[in-house]
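Summary of structural features
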Amino acid sequence: MAQKYLGQAIKRTEDPKLVSGLGHFVDDIKLPDLHNVCFVRSIHAHARIRGVDTSLAAALPGVVKVFTGEDCRGIGSIPCASSLQGLKVPHHPVLARNKVRYVGEPIVAVVADSLYRARDAAEAVSVDYEPLPAVVDPEQAAAPNSTFVHEEFSDNVAYVWSLVGGDVDQAFKDADRVIKQRMIHQRLVPAAMEPRGVIARFLPGEKELTLWSSTQIPHLMRTQVAIMLGLFENRVRVIAPEVGGGFGSKLNVYGEEALLGFISMQLQKPVKWIETRRENFTATIQGRGQVGDVEIAVKSDGRVLGIRYTVLADLGAYLQLLTPAIPTLTGLMLTGAYRIPNVRMDVTGVFTNKVATDAYRGAGRPEATYIIERAMDLAALEFDLDPVDVRRVNLVSKREFPYATATGLSYDSGNYEAPLKKALKISQYPRWRRHQVKERKKGRYVGVGVSTYVEICALGPSPAMPAGGWESATVRIEPTGKITILTGVSPHGQGQETSFAQIAADMLGVALEDVLVLHGDTGVVQYGIGTFGSRATAVGGTAVYGAIQKILKKGMLLAAHLLGVSRREVQFRDGKFFLKNDPTKSISLQDLALASYTARKLPPDFEPGLAAIYFYEPTNFTFPFGTHVCVVEVARETGTIKILQYVAVDDCGTIVNPLLVEGQIHGGVVQALGQAFMEEAVYDEIGQLITGEFTDYAIPRAGDVPWMQLDRTETPSPVNPLGIKGVGEAGTIGATPALVNAVVDALRPFGVRHVDMPLRPEKIWKLMQKETS
Amino acid sequence: MIPEAFEYFAPSSIQEAISLARRYGGDAKFLSGGHSLLPMMKLRLAAPKYIIDLAGIGELTQISEEGDSLKIGALVTHKAIETSDEIQSRCRLLAEAAFEIGDPQVRSCGTIGGSVAHADPAADYPAALLALDAEVRIEGPSGGRSVRASDFFVDLFTTALQQGELLVAIHVPVLAHNVGTAYKKLRQQASGFALVSAAAVVAKDEGGKCTHIAVGISGVGPKAFRASKVEESLLGKTLTEKNITNASHHVTASVDVQNDIHASAEYRSAMADLFAKNAIWVAANRAE
Amino acid sequence: MEITLTINDRTFKADVEPRLLLVHFIRENACLTGTHIGCETTTCGACTILLDGKAVKSCTLLAVQARGKRLTTVEGLMKNGRLHPIQEAFWEEHGLQCGYCTPGMIMAAYHLLQENPNPSDEQIRRGLEGNLCRCTGYQNIVKAIQSAAAKLA
Ligand SMILES: Cc1cc2nc3c(=O)[nH]c(=O)nc-3n(C[C@H](O)[C@H](O)[C@H](O)COP(=O)(O)OP(=O)(O)OC[C@H]3O[C@@H](n4cnc5c(N)ncnc54)[C@H](O)[C@@H]3O)c2cc1C
Ligand code: FES
Ligand code: FES
């Protein structure tokens, strides 16, 4: 294969329309007679609905109809795809009927001929609530005397799940020291800049329902919406137009999609709903939400013999698509990049009167990495070792791959020392350590944080996934030789329109401009799984690769026929099929394509046309890794943190486009910074989200963010032919503990060994009011 | 996202604006930059039936010198204050405070009159105007009056403005060249408003003794206030770092300090001390 | 209320409700959907446009407040089918991922460079205080603005 595009920093083909404001996000789509939907949502975290009065609203000008839960009885439950043993799955209606279980739960949908009138009408609806005590804190939810979120269950425990590997009890007996720490992974708001949105258009003649939705998973949504509405799946079409970020929050099937479809069918009009930011904070899934106790068994040389993690997962009031599955991912990655043969995790998932948690960038793995990377630092502190040395003692070495973890995974390939070495060199780690000592004497507090993470990507082999983990691609060589790719992944910023074109252009020896990548439309693209779990390039890209291989194979047959030789005498390179022993005798891909469609001179039994579809089923996950080093200084006077240096050396296997990889790392690190230092969904004791707008919930701004120094190593994955591992979540996963470790390290003179996120200035300031030791 | 419906008026003179306000009483609101009013209307926290847009009243947009003060029209934007040569050279403190407000887009729209009339306890101007001993010029149905900044800010979102009264201008003194000023702000991470801010105006004699000091504080209590204890203890003293530090304690002594998710009362108080100290220190160094 | 205003050198006349937000006028009446909406608290900056040359958040202005004024939206930056140097720089430096914040970022950058043709890293970051991006981590946006500054110099 030529390497003209692969590995190059190619500017994205998706950008010109986006920088000129000509891309179409859901809200930008105009349809004739389009009506607007606004919701009335619960103002209580837990309440019985005594009655709903919609009469005033219905009488307002422009209002077409007002829908309540009663009107929508026919719509099926909002789906949960997880099938954990013993899981309690509550009915999850699209509009609440008798009870509401979180602030923001939709109760009434108002349809009017304009957004303004729909909003007015929604304000005119009155709901008669009987407030009930709210279950807010997960520990309180798990307590025996708690109020029940769902009366039909005898408690708030949705499931209990354990993972055991090796002999943990023995490990703890053999340890020189057992280190314990409670760690909290606060709830986070994904806050994609484009809120969610849906347009539904039912065409009564064609009996076809089209949904435009800001989603990461158009095909899964189509299946689920068809089931919820009792429609034939082939009469439902889901289109994901430009999608303004997702980070997991759009990896879901919410009630609004099916409901808008239903409304459009009822009214025989197209209808649109665009989420407000307030709705996005209160009624779109949140991330993380774990409260856990970590214990590690350590030898005095820093070797970790075993780890235990006992955790309460705050699921929220209902189960969304993957809600219960997220904490199980934490379990899988709990041993990190280390040779820790004994592990045990016990999860108790509890219902609370809050919006559901689900996948948010990293989805369960940032928790794991944070736990193990914090634990490494705790071990270092305990024995007064350098945190880097503790890591070195425990890292899985290059010779051990594929490495079987105690959690049951097989790490595909790795060289964990390499990025560590590189990151230490770039950051001049020893210099910072010396600097730290000097500064402390002057009353200035510098800290260095390291994280040597490994993460699980390319989700994943289907048996390990709730709803299939393969991916599909159709590649068509059109009669004029232009290439069209239909991919089942659904990019929304990751740049696969470009990276897949790079793969195809090199494989087929054509210009990048000749390749068009289509995605996100179930009416155009064969079934696919979607974009999440850092899978798009590793799994979806491999599907493209597979489809092209099929085409080339077919092309060889035709080329041999046209050149009048046997198949074995033909070779393909740089867009040409030619004779091995006489390269002057050749036929271009373009001519071959035309010949395949005009079909006048085909070999016997040869199917006309030049297209192939390929469904790629990965045999394993992939495991990217890397080292992040962060240096901070904390100001004792204010508790504010200043990042002096940030170095990230990541290894995500073979790189298709370094521009895209760097972009993913930048964004991921900054989301990690948000969690580490700023963000938290704060609920009060009655379940109101206090940080329910950007004016109270701080996400990083340009000025909050350091300049990141990036570098990489490249260890190809043996799992797929291109060697790609994936990078979508690595930044978030690797960075969170590096940031926190740095601050905790800075606070060491104050006797601090752990601080829960977010490390907001006041928290730090309080810790620094003590005398130093 | 969508405000309630209202009727809209665009008067072209102060008199016209005042008479409209009188006609519609409590149901009417003046609109200046709209950057406090419209966000509240969009969230339906405010729903005036009548909006009186002041933008057409040209005389409210002027900055001019009147005697030994600068007259800043109510409609002068934060941006204009931040960049005006006149203000930068004669009342730098106000320009510095303006520069700390929100973000560039907000500063392009928001006005000093709107901000002062709105009296957000975490707004930037109030601290500066208190430290400057500014005067607020008001016109109303029964004529005009001037109110000192210290009498103007009454409570949380409450000012000396009576219903139907229009704030027309702010008068700030032209500061002598030897006076030093400084504005220091700790931002609430999410909103950018002041968690604490301190404005200091300081003059000293040749021996370095403090001959004048005024310190305004925002963000801490229900309204901006003067740190008078601090001022008293520094007046007449040499402005050494030690003296300033010693004086800048208990800035919030007699204040009902806010306590919310963004900062506890304890932290706010400590930051008030610190930022007051920093502002005074910088102002003292800038004073000649 | 009858209003007339100019967007990207085209004049628009319409009878609007006084409460109509300028961003909705731009998106719905003028059908220029490059100007986005990302919040209702005037925080995100996705709706940033130029109003008489100054960057403003069009979600926090009434359409009636803009009567008689000249507006530029992201669609108005392209001249003769060519991207503006700032747009080009965002493309070259990978200053966008999902692209939702991008029009607002570009308009804020436009305003910033007009006021300060040669801004420092810190000045750029301060100039973007009113714009949120959840994808890029800002680094490439800063780079893009630096590169645009060089192009425009
Ligand atoms: C995102 C964002 C961030 C912000 N950050 C800050 C910050 O950091 N610091 C800060 O200080 N401010 C901040 N603000 C507020 C901003 O400065 C506002 O512009 C200002 O508070 C109000 O000015 P305005 O001209 O927009 O007033 P408007 O919103 O038009 O009016 C505000 C109130 O005052 C009344 N009013 C207006 N003009 C007059 C008048 N002439 N006479 C009598 N009453 C009048 C109105 O009826 C209304 O009740 C921020 C605003 C936003 C949207
Ligand atoms: S839409 Fe967020 S600032 Fe205007
Ligand atoms: S590129 Fe997605 S929000 Fe900025």
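Regarding the interface of chain C and chain B
Opposite the 32 residues of chain C that make contact, chain B presents 31 residues. For the chain C and chain B pair, buried surface summed over both sides reaches about 2,500 Å², with 61% attributable to carbon and sulfur atoms. The three residues of chain C that bury the most area against chain B are Arg19, Glu40 and Arg126 of chain C, which together make up 25% of that side's buried surface. For the pair chain C and chain B, the number of links is four salt bridges. Of the charged contacts, one joins Glu129 of chain C and Arg187 of chain B as a salt bridge, the two residues approaching to 3.2 Å between their closest N and O atoms. In this assembly, chain C and chain B are joined by ten residue pairs in polar contact (both at pLDDT 80 or more). Secondary-structure elements contributing two or more residues to the side of chain C that touches chain B are strand E4 (54-57), helix H3 (102-115) and helix H4 (121-127) of chain C. At four residues, the largest contribution of residues to the side of chain C that touches chain B is made by E4 of chain C.

Quick word on the domain arrangement of chain C
All names here are of chain C. Each assigned domain of chain C is listed with its residue range as follows: domain 1 (2-73) and domain 2 (85-152). Placing the centre of domain 1 and that of domain 2 at their C-alpha centroids yields a distance of 21 Å. Facing 17 residues of domain 1, the contacting portion of domain 2 comprises twelve residues. Summed over both partners, the interface of domain 1 with domain 2 buries about 1,100 Å², with 62% contributed by carbon and sulfur atoms.

Considering the side chain of Gln186 of chain A
Residues and elements named next belong to chain A. Mapping Gln186 onto the fold places it in the loop between strand E8 (177-185) and strand E9 (197-203). For Gln186, a relative accessible area of 3% puts it in the buried group. Among the polar contacts made by the side chain of Gln186, one reaches the main-chain carbonyl oxygen of Gln675 at a distance of 2.9 Å. Contacts of Gln186, omitting those with residues within four sequence positions, involve Gly287, Arg288, Gly289, Gln675, Glu679, Glu680, Met757 and Pro758.

Digging into the interface of chain C and chain A
On the side of chain A, 53 residues touch chain C, which itself brings 50 residues to the contact. Summed over both sides, the interface of chain C with chain A buries roughly 4,500 Å², with 58% coming from carbon and sulfur. Interface area lost by chain C to chain A is led by Trp91, Arg134 and Gln139 of chain C, which between them contribute 20%. Taken together, chain C and chain A are joined by five salt bridges. Ionic pairing is found between Glu28 of chain C and Lys30 of chain A, a salt bridge with its closest N-O pair at 3.2 Å. Summed over the shared surface of chain C and chain A, the number is 27 residue pairs in polar contact (both at pLDDT 80 or more).

Observations concerning the sheet that holds strand E26 (residues 625-634) of chain A
Residues and elements named next belong to chain A. Spatially, E18-E26-E27-E28 is the arrangement adopted by the four strands of the open sheet, whose pairing is mixed. Looking along the sheet, the strands with just one partner apiece sit at the ends: strand E18 (445-454) and strand E28 (708-712). Averaged over all adjacent pairs, the angle separating strand axes in this sheet is 10 degrees, with direction ignored. Bridge count for E18 against E26 is ten bridges, and the pairing is antiparallel. The residue of E26 that forms the bridge with Val450 is Val629.

Some details on the domain arrangement of chain B
All names here are of chain B. Partitioning chain B into structural domains gives domain 1 (7-53), domain 2 (58-173) and domain 3 (180-286). Its C-alpha centre places domain 2 at a distance of 20 Å from the equivalent point of domain 3. On the side of domain 3, 24 residues touch domain 2, which itself brings 23 residues to the contact. Of the roughly 1,900 Å² buried where domain 2 meets domain 3, counting both sides, 53% is carbon and sulfur surface. Here Glu100 and Arg187 are joined by a salt bridge, their closest N and O atoms 3.9 Å apart. Across the contact surface, domain 2 and domain 3 share 15 residue pairs in polar contact (both at pLDDT 80 or more). Among the elements of the structure, helix H5 (92-99), helix H8 (125-131) and strand E8 (153-155) are those that each provide at least two residues to the side of domain 2 that touches domain 3. At five residues, H8 tops the list of elements feeding residues into the side of domain 2 that touches domain 3. Per-class residue counts for the side of domain 2 that touches domain 3 are 15 nonpolar, one polar and seven charged.

Reading the values: rules and limits
Residues numbered from 1 in each chain as written. Chains lettered and ligands numbered in written order. Predicted model: local features only at pLDDT ≥ 70, side-chain atom pairs only at ≥ 80, totals over all residues. Heavy atoms only, no water. Contact = heavy atoms within 4.5 Å. Buried area = accessible area lost by both parts, 1.4 Å probe. Salt bridge = Lys/Arg side-chain N within 4 Å of Asp/Glu carboxyl O. Polar contact = N/O pair within 3.5 Å; in protein donor to acceptor, adjacent residues only side chain to side chain. Helix = DSSP H or I, 4+ residues; strand = E, 2+ residues; numbered from the N terminus. Domains from an automatic or database assignment. Buried < 20%, exposed > 50% of the residue type's maximum accessible area, 1.4 Å probe, protein only. Pairing = 2+ DSSP bridges. Axes fitted to C-alpha atoms, helices over the stretch in contact; angles between N-to-C directions. Nonpolar A, V, L, I, M, F, W, Y, C, P; charged D, E, K, R; others polar.

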